[in-house]
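Report on the structure
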There are 2 protein chains.
Amino acid sequence: MPTDVEIAQAHTLEPITTIADRAGIPEQSLIPYGTTKAKIDITTTPTETTGKLVLVTGISPTPAGEGKSTVLIGLADAIRSTGRSAIVAIREPSLGPVMGIKGGAAGGGYSQIVPMEDINLHFTGDFHAITAANNTLAAMIDNHIHQGNQLGIDPRRVSWQRCVDVNDRSLRHVVTGLGGKAHGVPAETGFTITAASEIMAVLCLATDLADLADRISRMVVAQTYDGKPVTAGDVNAQGALTALLKDAINPNLVQTLGGTPAFVHGGPFANIAHGCNSLIATRTALAHADVVLTEGGFGSDLGAEKFFDIKARAGDLDVSAVVIVATIRSLKYNGGLARDQLTTENLDALQQGVANLARHVENVRKFGAEPVVALNSFTSDTDVEKQWLADWAQTNNITLVPCDVWAHGGAGATNLADAVLTTIDAATPTHPLYDPADGLEANITTIARELYHATSVEFTKQARTDLAYLAENGWDTLPVCISKTQYSFSDDPTLLGAAEGHVLHVRQLLPRIGAGFIVALTGNVMTMPGLPKKPAAEGIAVSDGGKITGLF
Amino acid sequence: MPTDVEIAQAHTLEPITTIADRAGIPEQSLIPYGTTKAKIDITTTPTETTGKLVLVTGISPTPAGEGKSTVLIGLADAIRSTGRSAIVAIREPSLGPVMGIKGGAAGGGYSQIVPMEDINLHFTGDFHAITAANNTLAAMIDNHIHQGNQLGIDPRRVSWQRCVDVNDRSLRHVVTGLGGKAHGVPAETGFTITAASEIMAVLCLATDLADLADRISRMVVAQTYDGKPVTAGDVNAQGALTALLKDAINPNLVQTLGGTPAFVHGGPFANIAHGCNSLIATRTALAHADVVLTEGGFGSDLGAEKFFDIKARAGDLDVSAVVIVATIRSLKYNGGLARDQLTTENLDALQQGVANLARHVENVRKFGAEPVVALNSFTSDTDVEKQWLADWAQTNNITLVPCDVWAHGGAGATNLADAVLTTIDAATPTHPLYDPADGLEANITTIARELYHATSVEFTKQARTDLAYLAENGWDTLPVCISKTQYSFSDDPTLLGAAEGHVLHVRQLLPRIGAGFIVALTGNVMTMPGLPKKPAAEGIAVSDGGKITGLF
């Protein structure tokens, strides 16, 4: 069995000009990065969104992996082979994890985005631009304090952190500004990985350069000694940061192995942020294809909810079909089966775990969409399991279609494509779950009850203080971005399946005013990963001809 | 008077394909980054260096600025107008300082490299790739210690620092790894700016990808508990870092305002490193033009010395002409005149300060080259001053040619071009100053006596310890890279003119085994700049059309 990188390297890519032509993007809007990657100049492309949007989400993720991106890519190739034009619009991978644990982030098998090495390394430099912008702002804040602190920033309440796109646990908690008077003001702080920077969320929700600059200027970076918010605009950073991001705002164009145009652009964390690719890429894609396939990170409780309540709301997007990716092995894991038992037939576990799928179907319906469940096939799935699941779906009036995109690419998703196109053609408008005007407390409670099946929400003392601070500043009617474990509908990652009757604990609320949402923390959020005992980096090499080996 | 950025933005650039064609670079070797920037695939371009190399250096730098790059660029345009083909091969600017104090790093006036905004911001991402590689290595070292420390690395003797391409004084001295057992091992460390990373020096001296990987694996990053060196190869980082640098190793092609092809590639610090653009770019340029113009950072005591003793030696380069850039105002500054007096006629100060120029001429002759002095004209230069200087040069058998490239581009350097071409045609081979086999102590003393006119060299106790450690590991016969103030021939920045009779103090010696030299510190070296009270960043903005204003 060839590896992902072997399949990708054996493939002959079409010139990016051909792909652009396929998407109807004129040559003068194309900014080439080599011959197989390009950026699209958003100032010269059409903006009228005539395409239909397909949102791909999944059941609750498990360590076994569900192949959400892989299904999305194969489905796009399959839809294109029906004669409708299609464009993929997904997130770009973070470099840090590439050096940590093996695993591509651009699909797999014969459903991949290429050139996969470039996409997984520097790509077109978007993450680096965000890192530079993030750290320039940090330097400007600390410099302001060092140079007289006219704004009265409390050095103990600088919330803006530096970032790197590296898995580096040693940077989680640091003290900076040591060494004496000439070297800044000592401060306890930390680094996040670049994907967790608010600038990433801002870039992914901005509609153009002017909106980007406005959003940047609104980002809250600190508090004054008397508790007033300090913004990036207060330290006059918005112009420089926008200049640093002027190329990064343009969507990246690449291709699937099936030759479908793919916009791979932006990659915010799906817990501390909203977890969707850039709004600009999605809208530009919708102006250039009949069908656009995009994703929401994690399951319906996180990625899809944030897609509807944050991204679709910000960008005035309607969703014509929702696909929920499920696998038999992951349902069995959700049914309580141990990870090393998943390839053995176990109907009991499947019957237990299917409750997780049922909940995600129910959740998606709450946004006004009737989902299609894509059953991503694995060779270990048994006929008995497959038949039981098919019967279960039929009994419960759920459209469930098997696909086999890893091994067959688009050809493995023909039936799935038909089902999705049928759904698109019958679609009625979708809607968000709540009205931000109802306030943070009410809306968090709505999400917790409706999607998580929690009985109630408990706010810690800190969260209550945060709520008051947010209300004081008029930020309590912004949408909420709940940071919760992806493994459970509750805030306890060990409660698999379809947890209910639990209490959601909100520990802290963080203003992300540039992004335009409030993050509600319900557990410990790791915003800086570490490297494992044997990092993937140790196995990577470059041949004399420049070919990369050991990447995955 | 238009500003540099206004001149650059008013210019209509030629397509990069036209520029490549002018340099004889075939289309299949061209990797476009947009339509006016490209990288050159070094694996498919000729390597036979048939061109003649011109090294541009300067008198001792002053706060008034001498315009070394500006003269180099104008001279290249002038040489090309004589009918000989020419290519510029210079360093790429660092992003950090762009946000600090206003001032472009790609020439000035009508002698600029364009697109200047791109070149001064992210360009083709080389610096970001180096930052990522540098910080990936740091994470791998700390992760090794955290995960059991099989190599026995002493956490107190990890010399490898992290870097960012931001002017951020608060990162000079930091403590990392705080927060408890899960978050790494506490360590006192610091960040440098990216240009000061050894990886930058390595990239600029590597001959190909294989050599790059070898050099990376040799970089010393720490010592074990029993004092043995630990290398990047010991933590198996060379493959991943080479993968991260596989694009960065390819030279960048842009153009001068006069349409001359320009390789702008690599930018190591000129004190903690050797201060020259990449060897690969210089050699590739020499395979594609009659005349290649390159630079050595600072004056003959630093940039030119390191060019001959480190870069030319490593890359088997011969220099056919050396240009020393001088200005009347800087000579007056070197003659003791205050900075705010430089635009007033002052023959006394000029007569005092000319000793600085005389010393640089003498120094260049010690490498076997007869220099051409380029007098970079300013409107404040008076006829009396100019005449006196011309007479002085004639009396002392020095070729001195005025030029006015800021206002007139190549047309302002016609006579200078003639003088340089005459020198090239009469050139005899140049040579380094010393033989590395003579050992570090002897060679530092040679440089100090011959070029600095020091009477002796004093090594501190620490430097003596370092010498012993270096000898123990067989590194005492590597070339030396002296880190010294650029303002004086001594290690005291206030001794202007042509200091002599002083003692050079070597305080510390740092192994840079990947780069292939030993850094000798003679003073405090600032490897992380800070932002000024009013950073240039505050004045930068982007118009809705994407045009950057306030950059310089």
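No experiment lies behind these values; they were computed from the predicted model shown.

Side note on the UniProt feature "binding site: ATP" (unreviewed entry) in chain A
Residue and element names in this part refer to chain A. Per the UniProt record, "binding site: ATP" (unreviewed entry) is annotated on Thr62, Pro63, Ala64, Gly65, Glu66, Gly67, Lys68 and Ser69. The contacts of Thr62, once residues within four sequence positions are left out, are Ser330, Tyr333, Asn334 and Tyr487. Within the structure, Thr62 has its side chain in polar contact with the side chain of Glu66 (distance 2.8 Å). The exposure class assigned to Glu66 is buried, which follows from its relative accessible area of 11%. Apart from residues no more than four positions distant in its own chain, Glu66 is found in contact with Ile59, Ser60, Pro61, Val325, Thr327, Ser330 and Asn376.

Observations regarding helix H16 (residues 414-425) of chain B
Residues and elements named next belong to chain B. Over its 12 residues, H16 runs 17 Å from end to end, which matches the ideal 16 Å to within 8%, given 1.5 Å per residue. The complete set of buried residues in H16 reads Leu416, Ala417, Ala419, Val420, Leu421, Thr423 and Ile424. Buried-residue contacts for H16 involve strand E3 (52-58), helix H3 (68-80), strand E16 (291-299), strand E17 (321-326), strand E18 (372-376) and strand E19 (399-403).

Observations concerning the relation of the copies chain A and chain B
Note on the identical chains: chain A maps onto chain B by a rotation of 180 degrees and an axial translation of 0.0 Å, with an RMSD of 0.0 Å. Taken together, the rotation angle and the small translation identify this as a two-fold axis. The position closest to the rotation axis in chain A is occupied by the C-alpha of Tyr33 of chain A, lying 2.3 Å away. Both copies share a contact surface, since 100% of the interface residues of chain A are interface residues in chain B too.

Let's talk about the interface of chain A and chain B
In this complex, chain A contributes 65 residues to the contact, which on the side of chain B involves 65 residues. Taking both partners together, chain A and chain B bury about 5400 Å²; carbon and sulfur atoms supply 64% of that area. Taken together, the links from chain A to chain B amount to four salt bridges. With a closest N to O distance of 3.5 Å, Lys246 of chain B and Asp118 of chain A form a salt bridge. Between chain A and chain B we count 30 residue pairs in polar contact (both at pLDDT 80 or more) in total. Every element with two or more residues in the side of chain A that touches chain B is listed here: strand E1 (30-33), helix H6 (126-146), strand E8 (162-164), strand E9 (174-176), helix H8 (209-218), helix H9 (238-244) and strand E25 (541-542) of chain A. Broken down by element, the residue count for the side of chain A that touches chain B peaks at 10 residues, all from H6 of chain A. Its residues assigned to classes, the side of chain A that touches chain B shows 33 nonpolar, 22 polar and 10 charged.

Notes on the pattern of salt bridges
Residue and element names in this part refer to chain A. Counted by the stated rule, this structure contains 42 salt bridges over all chains. Measuring nitrogen to oxygen at the nearest pair gives 3.1 Å for the salt bridge that ties Arg464 to Glu441. In this pair, Arg464 is assigned in helix H18 (residues 461-472) and Glu441 in helix H17 (residues 440-450), connecting sequence segments 23 residues apart. Arg464 sits in the partly exposed class, given a relative accessible area of 39%. Glu441 gets classed as partly exposed once you look at its relative accessible area, which sits at 37%.

Rules and cut-offs
- Throughout this description, residue numbers start from 1 for each chain and increase along the sequence as written.
- Labels are handed out in written order, letters beginning with A for the chains and numbers beginning with 1 for the ligands.
- Local features are withheld for residues below a pLDDT of 70 in this predicted model, meaning they are given only at 70 or higher, and side-chain atom pairs are given and counted only at 80 or more; totals for whole chains, interfaces and linings count all residues.
- Hydrogens are left out, water is left out, and the side-chain values use all remaining heavy atoms of the structure.
- UniProt positions are given in the numbering used here, feature names are shortened, and annotations may be inferred rather than shown by experiment.
- In what follows, residue pairs with any heavy atoms lying within 4.5 Å of each other are defined as contacts.
- Pairs of N or O atoms are called polar contacts if they sit within 3.5 Å, as long as, within protein, a hydrogen donor faces a hydrogen acceptor (for residues adjacent in sequence, only side-chain-to-side-chain pairs).
- Note on exposure labels: buried denotes an accessible area under 20% of the residue type's maximum, exposed denotes more than 50%, and partly exposed covers the range between, all computed with a 1.4 Å probe on protein chains only.
- Runs of H or I in DSSP of at least four residues are treated as helices and runs of E of at least two as strands, each being numbered from the N terminus.
- In this analysis, the expected span of each helix is defined as 1.5 Å times one less than the number of residues it contains.
- Overlaid copies result from least-squares superposition on C-alpha atoms, with residues included only where pLDDT is at least 70 in both.
- When two parts are brought into contact, each loses some accessible area as probed by a 1.4 Å sphere; the total of that loss over both is the buried area.
- Any Lys or Arg side-chain nitrogen found within 4 Å of a carboxyl oxygen on Asp or Glu counts as a salt bridge.
- Under the scheme applied, nonpolar residues are Ala, Val, Leu, Ile, Met, Phe, Trp, Tyr, Cys and Pro; charged residues are Asp, Glu, Lys and Arg; polar residues are all the others, including Gly.

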